[in-house]
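Here is what each chain is made of, one letter per residue.
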Amino acid sequence: MRTIVLSGNPRDGRRLSERFAHGQGWLRKDATAVEIRAAIDRALVPGVRRWSRAIVLAVVVLALIVIAIAWYLLRLRG
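First things first, this report covers the structure right here in the doc. (Residues numbered from 1 in each chain as written. Predicted model: local features only at pLDDT ≥ 70, side-chain atom pairs only at ≥ 80, totals over all residues. Heavy atoms only, no water.)

### Regarding a nonpolar patch on the surface
On the surface, Leu57, Val61, Ile65, Ile69, Trp71, Tyr72, Leu73 and Leu76 cluster together to form a nonpolar patch covering roughly 850 Å² of accessible area. Here isoleucine 69 is to be found in helix α3 (residues 53–77). (Patch = residues over 30% accessible without salt bridge, like charges linked within 9 Å, V, L, I, M, F, W, Y side chains within 5 Å. Areas by Shrake-Rupley, 256 points an atom, 1.4 Å probe, with all protein chains shown as cover. Salt bridge = Lys/Arg side-chain N within 4 Å of Asp/Glu carboxyl O. Helix = DSSP H or I, 4+ residues; strand = E, 2+ residues; numbered from the N terminus.)

Rendered as structure tokens:
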């Protein structure tokens, strides 16, 4: 579940937000209705998917293997 931390200051808010798996930032404890609505809207927007290093490495290795096989097959032909 996405989480917004209510905190008294920015430093504590950021620190506490990072402790949650789906922390979506922080708000002041005395935030206005407009600020709360904006934070909720930001939390509801789908996040950017990030590729893990393992997936990127696997794709690069696979591409290199395909290139090596293609290069080998082309050398056999000519």
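### Regarding the pairing of strand β1 (residues 3–7)
Alternating residues of β1 divide into Thr3, Val5 and Ser7, all buried, and Ile4 and Leu6, none buried. Judged from the 4 bridges that link them, β1 and strand β2 (residues 23–28) form a sheet pairing that is parallel. When the bridges of β2 are listed, valine 5 appears paired with tryptophan 26. The β-α-β motif built from β1, the intervening helix α1 (residues 10–18) and the parallel element β2 has right-handed crossover chirality. (Buried < 20%, exposed > 50% of the residue type's maximum accessible area, 1.4 Å probe, protein only. Pairing = 2+ DSSP bridges. Right-handed = clockwise from strand over helix to strand, strands pointing away.)

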